[in-house]
There are 2 protein chains.
Amino acid sequence: MSLRTLLSGMIQQVEGAYAVMLMGYDCIAIDEVHLGRPGFDVQMMTVEYATVIKEIQRTVEVVGAGDMEEITITTKQSCMILRVINEELFAAFVLSRDGNVGKARYLLRANALTMIKAIE
Amino acid sequence: MSLRTLLSGMIQQVEGAYAVMLMGYDCIAIDEVHLGRPGFDVQMMTVEYATVIKEIQRTVEVVGAGDMEEITITTKQSCMILRVINEELFAAFVLSRDGNVGKARYLLRANALTMIKAIE
C-alpha cells in the first residue's frame, strides 16, 4: 500500500480530522492528506510544532523519563496529536476541537510500522 | 481551602500520580505536592516543559488556532499533563506511564477556578 493510500484511509476513519501526515524532524512532510476547512494554517502549525517536539525530546532525554512517544496539544479550536515513529520520523493528526481524538491516537499507534513499510 | 489541601486532595484521587502543581510561566511553582518515586527529576521536567509551553502558546497565537488549553506529553516511563489556567498560571500533573491520565486531566479542568480562588 502506498503511503498516500494509507493516510487517506486513516483520515476517512476519524470524525473531525483536518489533516494527517508523516513528517521528518527537518519539518518536511513525506506525505500528507488534508480534509475540510480548519480555519487556520495547518501546514504552519505542524512545522512550528515539529520544532517544539525536538525541544521536548531533548528535555525528556536530559530528565531521563524514557523515550518520547506522543504529544497532544489542545486549543480552543483544534487538537493535534504528534506521535514519534522512529529517530527520523513522526506522524501527526490535526483535528477540530470536538473531533475523535481517541480514534486518531489509536490509528497513529496502530499504523506506525505500516507507515514505515510504505516508504521503504 | 488552602492550595496545598486542594492539591493533596487531587493527587490522592489519581492512581499512579507522582506530582501535581500550580506554576507561573516564570517556571516557579506556587505550590506542589509529590508522591512516590518517579525515578526521574520531576522538578526539572516541569521547568523545562514550562519553557516549551510558552513556545507552543506563541505558535498557537501565530497560527490562529484559538487559545491553548492543554498539552499532554507521553514518554516510555511517564505522562505529564499541562493545563493553562490563565495568562499567568498553569497546572500540571505528572504520572507514571500506566497512571490514570483521564482522571488527572478531569481534575485539572474541574479545579481550575478553585485553584485560582485558593491563592487569592
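Fair warning: this is a prediction, and the values are worked out from it, not measured in the lab.

Let's shift gears to the relation of the copies chain B and chain A. In the superposition of chain B on chain A (RMSD 0.0 Å, axial shift 0.0 Å), the rotation amounts to 180 degrees. Such a combination of rotation and displacement between the chain copies is what one expects of a two-fold axis. Looking at the rotation axis and the C-alpha trace of chain B, the residue lying nearest is T72 of chain B, at 2.5 Å.

Before going further, it helps to spend a moment on the sheet that holds strand β3 (residues 68–75) of chain B. What the 10 strands build is an open sheet, ordered β2(A)-β1(A)-β5(A)-β4(A)-β3(A)-β3(B)-β4(B)-β5(B)-β1(B)-β2(B); its pairing is antiparallel. Both edges of this open sheet fall to β2 (29–34) of chain A together with β2 (29–34) of chain B, since each of them pairs with a single strand only. Along the sheet, successive strands turn relative to each other by an average axial angle of 10 degrees, direction set aside. Relative to strand β5 (residues 89–96) of chain B, strand β1 (residues 17–24) of chain B runs antiparallel, the two being bridged by seven bridges. Bridged to A19 of chain B within β5 of chain B is V94 of chain B.

Okay, the interface of chain B and chain A next. Across the contact, 31 residues belong to chain B and 31 residues belong to chain A. In this assembly, chain B packs against chain A so that about 2,600 Å² is buried in total across both faces, 60% of it on carbon and sulfur atoms. The largest per-residue losses of area from chain B upon contact with chain A belong to V63, A65 and E69 of chain B, which jointly make up 20% of the total buried on that side. With a closest N to O distance of 2.4 Å, R97 of chain A and E69 of chain B form a salt bridge. The interface formed by chain B and chain A contains nine residue pairs in polar contact (both at pLDDT 80 or more). Broken down by secondary-structure element, the contributors of at least two residues to the side of chain B that touches chain A are α2 (42–63) and β3 of chain B. Per element, the largest residue contribution to the side of chain B that touches chain A is 12 residues, and it comes from α2 of chain B.

The next point concerns the environment of M80 of chain A. By the secondary structure assignment, M80 of chain A is in strand β4 (residues 78–84). Along the chain, M80 of chain A and M45 of chain A lie 35 residues apart, while their C-alpha atoms are 9.2 Å from each other.

Right, let's get into the confidence of the model for chain A. All names here are of chain A. Put simply, chain A has an average pLDDT of 90, and 100% of its residues get 70 or more. Averaged over each element, pLDDT in chain A is lowest for helix α2 (residues 42–63) (81) and highest for helix α1 (residues 3–12) (97). For this predicted complex, the interface score ipTM comes out at 0.88, alongside a pTM of 0.90.

A few words now on the packing of helix α3 (residues 101–110) of chain A against helix α4 (residues 112–119) of chain A. Residue and element names in this part refer to chain A. Two elements in contact, α3 and α4, have axes whose closest approach is 4 Å; the angle formed by their N-to-C orientations is 50 degrees. Judged on the interaxial angle alone, α4 and α3 are oblique. Contacts from L108, R109 and A110 in α3 reach A112, T114 and M115 in α4. Here the residues of the contact of α3 with α4 sort into four nonpolar, one polar and one charged.

Judged by side-chain charge, E61, D67, E87 and E88 of chain A come together as a negatively charged surface patch. Summarising the element assignment, E88 of chain A is placed in the loop between β4 and β5 (89–96).

Conventions we followed
The residue numbering used here restarts from 1 in each chain and proceeds along that chain's sequence as written. Think of it this way: whatever chain is written first is A, whatever ligand is written first is 1, and the rest follow in order. Residues qualify for local features only when their pLDDT is at least 70, as the model is predicted, and side-chain atom pairs are given and counted only at 80 or more; totals for whole chains, interfaces and linings, by contrast, use all residues. Side-chain numbers here rest on the full set of heavy atoms in the structure, without hydrogens or water. The fit set for superposing copies consists of C-alpha atoms from residues with pLDDT of at least 70 in both; the fit itself is least squares. Whether two strands pair comes down to DSSP finding at least two bridges between them. Labels follow the DSSP assignment, with helices taken as runs of H or I lasting at least four residues and strands as runs of E lasting at least two, numbered in each case from the N terminus. All axes here are fitted lines through C-alpha atoms, helices being fitted over the stretch that makes contact, and every angle between N-to-C directions spans 0 to 180 degrees. Only heavy atoms enter the contact rule, under which two residues are in contact if any of them lie within 4.5 Å. What gets called buried area is simply the loss in accessible area from a 1.4 Å probe that two parts show on being joined, summed for both. Between Lys or Arg on one side and Asp or Glu on the other, a salt bridge is scored when a side-chain nitrogen of the former is within 4 Å of a carboxyl oxygen of the latter. Here a polar contact is recorded for every N or O atom pair within 3.5 Å, except that within protein the pair must consist of a potential hydrogen donor and a potential acceptor, and residues adjacent in sequence are included only if both atoms are side-chain atoms. For every residue, the pLDDT score states the predictor's confidence, bounded by 0 at the bottom and 100 at the top. Our angle categories are set so that under 35 degrees counts as roughly parallel, over 145 as roughly antiparallel, 65 to 115 as roughly perpendicular, and the remainder as oblique. Here the term charged refers only to Asp, Glu, Lys and Arg, the term nonpolar to Ala, Val, Leu, Ile, Met, Phe, Trp, Tyr, Cys and Pro, and the term polar to all other amino acids, Gly among them. Note that patches include only residues with greater than 30% relative accessible area and no salt bridge, and the join distances are 9 Å for like charges and 5 Å for nonpolar side chains (Val, Leu, Ile, Met, Phe, Trp, Tyr). All accessible-area figures derive from a Shrake-Rupley calculation using a 1.4 Å probe, and residue coverage is judged against the displayed protein chains alone. In this tally, Asp and Glu contribute negative charge and Lys and Arg positive charge; neither His nor the terminal groups of the chain are included. Every charge is mapped to an atom, namely NZ of Lys, CZ of Arg, CG of Asp or CD of Glu.

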